[in-house]
Amino acid sequence: MKDTHKLRGLRQRLVNYLQSRGIDDSRILDAFMDIPRHYFMSQDFAEWAYRNEAFPIAAGQTISHPYTVAFQTDLLQVKPSDKILEIGTGSGYQAAVISSMGAKLYTIERQAELYHNTNKLLIKLGYDRIRTLFGDGYQGAPRFAPFDKIIVTCGASFIPKALPYQLKIGGRMIIPVGEGDDKMMTVIIRESETEFSSEKKGIFKFVPFLEGTNADQQSMSKRPIKRVSL
Ligand code: SAH
């Protein structure tokens, strides 16, 4: 993997573009400048990494648009002392951005191939504050809960109950949710043990939040997933 002057130039242009679209937190802009996004994609397409486009990664999944990553990170209000859970490790790029802002990150992936490849990549790149987990994000990560923040990077059709209940009181969760292809970016805040507030922040497209892992047997009866309407 190598970085070049040309790729750094393209990265600077991407940062300018994000800024022109209203991303003004310098910690996020620095993360986009410092982290070579092309390391998280096929090396044959390095220059594509700096367009505002989603791009195919393994297992039929995509790395999210740079603007979407920046926007979700902005909503997350990352603090260095945070313990954060990400659902949908994918390429690992979003995880790298959050980790570079100082937080401790747990990230779950349901596709075994992506989990293995991305785990190796993140170790190789030295992200020792990211813990990758293989499993079903609908269950969250009860072993490591509660979290200051939760970020869902796949498109949900409902809010699985396990997730907001793994937040600390005062914690926030960012989840794209909606019935069709258009998902409403939703910020949920845990106000108390039982009360939540929510705010909507615009429409985005995502690959689907799927139930179970790709290692589950077809015959395995699915556990029903509890939903919440907040
Ligand atoms: N954050 C990623 C985005 C990848 S796309 C990145 O920066 O590249 C969303 C990812 O969510 C896909 O890899 C998909 O396999 C994963 N996903 C979908 N449903 C899931 C579930 N139930 N649990 C964990 N991951 C899931």
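Residues numbered from 1 in each chain as written. Predicted model: local features only at pLDDT ≥ 70, side-chain atom pairs only at ≥ 80, totals over all residues. Heavy atoms only, no water.

Caption draft 1: Fine view of the pairing of strand 4 (residues 104–109). Most of strand 4 is tucked away, with five of its six residues classed as buried. Sheet topology places strand 3 (residues 83–87) next to strand 4; five bridges connect them, and they run parallel. Residue pairing across strands places I84 opposite L105, the latter belonging to strand 4. This β-α-β element, strand 3 to helix 4 (residues 93–100) to strand 4, shows right-handed connectivity. Here strand 4 runs beside strand 5 (residues 130–134); their pairing, made up of five bridges, is parallel. (Buried < 20%, exposed > 50% of the residue type's maximum accessible area, 1.4 Å probe, protein only. Helix = DSSP H or I, 4+ residues; strand = E, 2+ residues; numbered from the N terminus. Pairing = 2+ DSSP bridges. Right-handed = clockwise from strand over helix to strand, strands pointing away.)

Caption draft 2: Representation of the sheet that holds strand 5 in the model. Spatially, the seven strands line up as an open sheet ordered 5-4-3-6-8-9-10, and their pairing is mixed. Both outer strands of the open sheet, strand 5 and strand 10 (196–204), are each paired with one neighbouring strand and no more. Here the strands of the sheet are splayed against their neighbours by 15 degrees on average, with no regard to which way each runs. Relative to the sheet, helix 3 (residues 66–76) contacts strand 3, strand 6 (147–152), strand 8 (167–177), strand 9 (183–190) and strand 10, its axis offset from that of strand 8 by approximately 160 degrees. (Axes fitted to C-alpha atoms, helices over the stretch in contact; angles between N-to-C directions. Contact = heavy atoms within 4.5 Å.)

Caption draft 3: Highlighting the pattern of salt bridges. Inspection of every chain in the model, using the stated rule, returns nine salt bridges. Residues D148 and K168 are paired through a salt bridge, measuring 3.2 Å at the closest nitrogen-oxygen approach. Note that D148 is positioned in strand 6 and K168 in strand 8, a separation of 20 residues in sequence. Overall, D148 belongs to the buried group, its relative accessible area being 17%. E193 serves as the salt-bridge partner of R190, at 3.4 Å between the closest nitrogen and oxygen. Each member of the salt-bridge network shares a partner with another, and the members are D3, R8 and R11. (Salt bridge = Lys/Arg side-chain N within 4 Å of Asp/Glu carboxyl O.)

Caption draft 4: View of the site of the ligand. If you check the shell around the ligand, you find 27 residues, and the closest are G88, S91, E109, G137 and L210. The backbone of Q94 places a nitrogen or oxygen atom 3.1 Å from an oxygen atom of the ligand. Residue L210 places a main-chain N or O atom 2.5 Å away from a nitrogen atom belonging to the ligand. The protein chains hide 99% of the 580 Å² of surface that the ligand would expose on its own. Those elements that place two or more of their residues in the shell around the ligand are strand 2 (62–63), strand 3, helix 4 and strand 4. Across the shell around the ligand, the residue classes tally to eleven nonpolar, twelve polar and four charged. (Near = heavy atom within 4 Å. Polar contact = N/O pair within 3.5 Å; in protein donor to acceptor, adjacent residues only side chain to side chain. Areas by Shrake-Rupley, 256 points an atom, 1.4 Å probe, with all protein chains shown as cover. Nonpolar A, V, L, I, M, F, W, Y, C, P; charged D, E, K, R; others polar.)

Caption draft 5: Here's a closer look at unusual backbone geometry. A cis amide bond links A145 to the next residue, P146, at an omega of 0 degrees. Looking at the element boundaries, P146 is found in the loop between strand 5 and strand 6. Within the chain, A59 stands out as a residue other than glycine whose phi angle is a positive 60 degrees. Here A59 is to be found in the loop between strand 1 (55–56) and strand 2. Among the residues examined, A59 registers a relative accessible area of 29% and is labelled partly exposed. In this model, Q77 sits at a positive phi of 50 degrees, which is unusual for a non-glycine residue. Secondary-structure assignment places Q77 in the loop between helix 3 and strand 3. With relative accessibility at 46%, the residue Q77 sits in the partly exposed group.

Caption draft 6: Structural detail: the nonpolar core. In this structure, L18, F32, I35, F40, I84, Y93 and I98 are the most contacted members of the largest nonpolar core, which totals 47 residues. Within the residue set of this core, elements represented by two or more residues are helix 1 (5–20), helix 2 (26–34), helix 3, helix 4, helix 5 (112–124) and strand 9. When residues of this core are assigned to their parent elements, the largest contribution, six residues, is made by helix 3. Ignoring sequence-local partners within four residues, the contact set of Y93 consists of F32, I35, R37, F40, I63 and V69. (Core = buried A, V, L, I, M, F, W, Y, C linked by side-chain atoms within 4.5 Å.)

Caption draft 7: Highlighting the side chain of Q94. Along the chain, Q94 falls in helix 4. Overall, Q94 belongs to the buried group, its relative accessible area being 7%. Separated by 2.9 Å, the side chains of Q94 and T73 make a polar contact.

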